[in-house]
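Chains, contacts and geometry: an overview
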Amino acid sequence: MVRRPVAFVTAIVLFVEAVGIVIVNGVLATVAGNQSMSLAGMDPDAMVTGTWVMGGVSGVLLVLCGLIPLLAGIRDRAPGRVGRITLIACAVVHGVLGALAVGLIGWAAFVFLMVVLGLIVLTLVAFDRRDPEAVKPTGAAPEPV
């Protein structure tokens, strides 16, 4: 029974990632504000505000994604339909970001994102939606009524 520890580890990693994303966006917003940076003539204050908002929204979404495996681990049940769809979307985002991270950031970021992707997928696969007691082997005689 490895599914509960995997769900807890996945939740913890997503929570840590949420904090990291907020910190990175905070640093970027501070640098953009101190340097009065703009992009194609955009107001520097808009850049700072947008960076803070992006960090906050990303952090909240990662915390919400982390709550799904945490609740699955506590309940020892598979996430519901909405939870599974959310985790699948989170896994897809991590896969795309991992592919981009190789060229932009480096292999360490790629490895981290792929580990998170693997944990999310393992959480999805480890919880079987069917009850093992209710599954009959093929070719079994029907039960008398």
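Going by the structure above, here's the rest.
For the structure given in this document, a descriptive report is provided here. (Residues numbered from 1 in each chain as written. Predicted model: local features only at pLDDT ≥ 70, side-chain atom pairs only at ≥ 80, totals over all residues. Heavy atoms only, no water.)

1. Describing the overall build of the protein
The test is simple: Secondary structure elements follow DSSP: runs of H or I of four or more residues count as helices, runs of E of two or more count as strands, with numbering from the N terminus. Any residue under 20% of the maximum accessible area for its type is buried, any over 50% is exposed, and the rest in between are partly exposed; the area is computed with a 1.4 Å probe on protein chains only. Residues count as neighbours in contact if any of their non-hydrogen atoms are within 4.5 Å of one another. Accessible surface is estimated by sampling points in the Shrake-Rupley manner with a 1.4 Å probe; for residues, cover comes only from the protein chains shown.
When helices and strands are counted, the protein shows four helices and zero strands. Listed N to C, the secondary structure of the protein is α-α-α-α in terms of helices and strands. Counting every position in the protein, which comprises 145 residues, the buried fraction comes to 28%. Contacts in the protein between residues far apart in sequence, at least 24 positions, make up 68% of those at least 6 positions apart. Summing over all exposed atoms, the protein offers an accessible surface of approximately 9,500 Å²; the carbon and sulfur share of this is 72%.

2. Things to note about a nonpolar patch on the surface
Rules: Only residues whose relative accessible area exceeds 30% and that form no salt bridge enter a patch; like-charged residues are grouped when within 9 Å of one another, and nonpolar side chains (Val, Leu, Ile, Met, Phe, Trp, Tyr) when within 5 Å. Any Lys or Arg side-chain nitrogen located within 4 Å of an Asp or Glu carboxyl oxygen qualifies as a salt bridge.
A contiguous nonpolar surface patch, about 750 Å² in accessible area, is contributed by V53, V57, V60, L61, V63, L64, L67, L71 and I74. Topologically, V53 is positioned in helix α2 (residues 44-75). By relative accessible area, which is 48% here, V53 ends up partly exposed.

3. Section: helix α3 (residues 81-104)
Owing to its 3.6 residues per turn, the α-helix aligns residues three or four sequence positions apart on the same side. For clarity, the cut-off: What a helix is expected to span follows from its residue count: subtract one and scale by 1.5 Å.
In this model, α3 (24 residues) spans 34 Å end to end at C-alpha, consistent with the 34 Å of a helix rising 1.5 Å per residue. Summarising the contacts, the buried residues of α3 are in contact with α1 (3-35), α2 and α4 (107-126). Directly after α3, the chain includes G106, whose backbone phi takes a positive value near 135°.

4. Side note on the nonpolar core
For the record, the criterion: Remark: nonpolar core denotes a set of buried residues (Ala, Val, Leu, Ile, Met, Phe, Trp, Tyr, Cys) joined through side-chain atoms within 4.5 Å.
The biggest cluster of nonpolar side chains holds 12 residues, and these are L14, A18, L62, C65, I68, L87, C90, A91, V116, L117, I120 and L124. Only α1, α2, α3 and α4 provide two or more residues apiece to this core. A per-element tally of this core places α4 first, with four residues. Discounting chain neighbours no more than four positions away, the residues touching L124 are R84, L87 and I88.

5. Some points on α2
Look at α2: 47 Å from first C-alpha to last across 32 residues, which is about the 46 Å you get at 1.5 Å a residue. All buried positions along α2 are accounted for by V48, T51, G55, S58, G59, L62, C65, G66, I68, P69, A72 and G73. The secondary structure elements touched by the buried residues of α2 are α1, α3 and α4.

6. With respect to the state of the cysteines
Quick reminder of the rule: A pair of cysteine sulfur atoms is labelled a disulfide when the two atoms are within 2.5 Å.
In the structure shown here, the tally under the stated rule is zero disulfides. Cysteine C65 is unpaired, with the sulfur of C90 as its nearest cysteine sulfur at 3.8 Å. Using a relative accessible area of 7% as the deciding quantity, one classes C90 as buried.

7. A short note on the pattern of salt bridges
Tallied over the entire structure, the rule returns one salt bridge. In this structure, the salt-bridge partner of R3 is D76, at a minimum N-O distance of 3.0 Å. With R3 in helix α1 and D76 in the loop between α2 and α3, this pair connects stretches of sequence that are 73 residues apart. D76 sits in the partly exposed class, given a relative accessible area of 29%.

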